[in-house]
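Geometric and topological summary
In case you want the letters, here they are:
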Amino acid sequence: MAAVGLLVVGFRFGYPDLALLGAAAAVALGCGAVFAFWRPRLGVARVAEPDRVARGEAARMTLTVSNTSRVRGADLVALDQCGNTVVPVPLLRLRPGKDTTAHYPVPTSRRGVVPVGPLRVTRGDPLGLVSLSRAYGEICEVWVHPRIHLLRAVPAGMARSLDGRIDKVPHGTITFDSLREYVVGDELRRVHWRSSAKVGELMVREQLDTSEPTIVVLLDDRASAHPRVRDGMAESFEAACEAAASIVAAAVQEDIPVSLHLVTEVATGPYLDVLTRAGLQPGDLAATLRRVRAQRLGDTLVFLTGPGGREDLGAVSALRGPYPVVMAGLLGDRDGAPVSGGDGLIVIEADDGAEFAAAWDGVRGW
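So, here is what we can say about the structure in this document.

The rules we used
- Residues numbered from 1 in each chain as written.
- Predicted model: local features only at pLDDT ≥ 70, side-chain atom pairs only at ≥ 80, totals over all residues.
- Heavy atoms only, no water.
- Core = buried A, V, L, I, M, F, W, Y, C linked by side-chain atoms within 4.5 Å.
- Buried < 20%, exposed > 50% of the residue type's maximum accessible area, 1.4 Å probe, protein only.
- Helix = DSSP H or I, 4+ residues; strand = E, 2+ residues; numbered from the N terminus.
- Contact = heavy atoms within 4.5 Å.
- Pairing = 2+ DSSP bridges.
- Axes fitted to C-alpha atoms, helices over the stretch in contact; angles between N-to-C directions.
- Polar contact = N/O pair within 3.5 Å; in protein donor to acceptor, adjacent residues only side chain to side chain.
- Arc of directions from axis to C-beta.

Details of the nonpolar core
Considering soluble globular proteins, one finds that nonpolar side chains tend to be buried as a cluster. Counting 36 residues, the largest nonpolar core has I215, V217, L219, I247, L304, F356 and W360 as its most contacted members. Mapped by element, the contributors of at least two residues to this core are β14 (215-219), α4 (235-253), β17 (258-262), α5 (271-277), β18 (300-305), β19 (325-331), β20 (346-350) and α8 (353-361). Sort the elements by how many residues they give to this core and α4 lands first, with 11 residues. Leaving out residues up to four positions away in the same chain, I247 has contacts with L151, I215, V217, V302, L304, F356 and W360. Listed in part, the 25 residues of the second largest apolar core include L42, V87, V142 and V144.

Below is the structure:
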């Protein structure tokens, strides 16, 4: 605008000096635009080492920028977006076909998915008149899982036999499950002769080990259950996620079936990834408890909640019918009123995941 103004005033009122200044400004602006609009051809590759870590563990991003054009690149300073931080990446006159590599840590102090990228390269003219920013490369994700605390104790299991009785039984208990056609190699002692006579071909009994315990972890991700939010994070919910991850890891290590469920939505995918993505949102606990009751997903139910879920423990204890063992973990509210473990409900109160793990190992009422 200044160049146009100088040219207009200079030519209209006969001031050659102003006209010369306006022409020089216009030329400088045009050259700056051409300089800034030139786009370097860059290839960007990222490798996260590793791409899945526990909260607080170290993770490093390796960024490789290559010059895929035929001309020497100018001195540039690129900025790579890493979560909520910006990392400067200097690019010093890359030759054609050459590359440069930068390493920097990924913040893992908070659970969640950390997006990394894209790389933004800002190019301007030497006079600072024109500046353009362009994005290169795709976004890479680093998954920060909740911490896992070692659990030495796991539920022994309450077996639910097919005839409707619920009893503690030793491992190895076999119960009739179904019939199928005979296959060469089946033991003849497993042939069900009465059904074979009716069908006209050999039928074999399929048997099932009903004594294997099954753990159901129900994580309360309602915003109302974790009201103490600071800097966008509720410590009670982080502790509940750590408790859930620890139970899942212990069950997998002991080769015990385990399932993870959220109150507000149906969880899909690997359990640690589900816990990484989980966030606080509105939900209906009553509807979820009705579904869990109707489906009878296992024999040991573990309900993990926060300070806002203290009043809901009575409704959870009502699941003692379909679930022989029901435990509630109340995280982040040790100073609250004591909780009664009536109706066979096992209650663990803890401030954080490590304290929950220690209290879990001390339970003797499985």
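Section: the sheet that holds strand β6 (residues 99-105)
Read across the sheet, three strands follow the order β1-β3-β6 without closing on themselves; strand pairing throughout is antiparallel. Strands with a single pairing partner mark the edges of an open sheet, and in this sheet they are β1 (42-49) and β6. Across the sheet, the mean angle separating the axes of adjacent strands is 15 degrees when strand polarity is ignored. Pairing between strand β3 (residues 60-67) and β6: seven bridges, direction antiparallel. In the sheet register, M61 faces β6, and the bridge partner there is Y104.

Observations regarding the side chain of R111
The topology assignment puts R111 in the loop between β6 and β7 (112-124). Accessibility expressed as a relative area gives 13% for R111, which makes it buried. A distance of 2.8 Å separates a polar side-chain atom of R111 from the backbone oxygen of A278. Not counting residues up to four positions away in its chain, the partners in contact with R111 are R55, V144, H145, P146, F237, E238, C241, L275, T276, R277 and A278.

A few points about helix α6 (residues 285-295)
Of the positions making up α6, those classed as buried are L285, T288, L289 and V292. Along the axis of α6, the buried positions cluster into a sector of 100 degrees, meaning they face one direction only. Projecting away from the buried face of α6 at angles above 90 degrees are the exposed residues R290 and A294. The elements touched by buried residues of α6 are β14, β17, β18 and α7 (313-317). Capping of α6 at its N-terminal end is provided by D284; its side-chain oxygen lies 3.2 Å from the backbone amide nitrogen of A286. Positive phi appears at R296, one or two residues downstream of α6, with a value of about 50 degrees.

Points about the pairing of strand β5 (residues 85-91)
Of the strand pairs in this sheet, strand β4 (residues 76-82) and β5 are connected by seven bridges, and their pairing is antiparallel. Across the sheet, D80 pairs through a bridge with V87, a residue of β5. From the end of β4 to the start of β5, which pair antiparallel, there are two residues, and G83 there has a positive phi angle of about 65 degrees.

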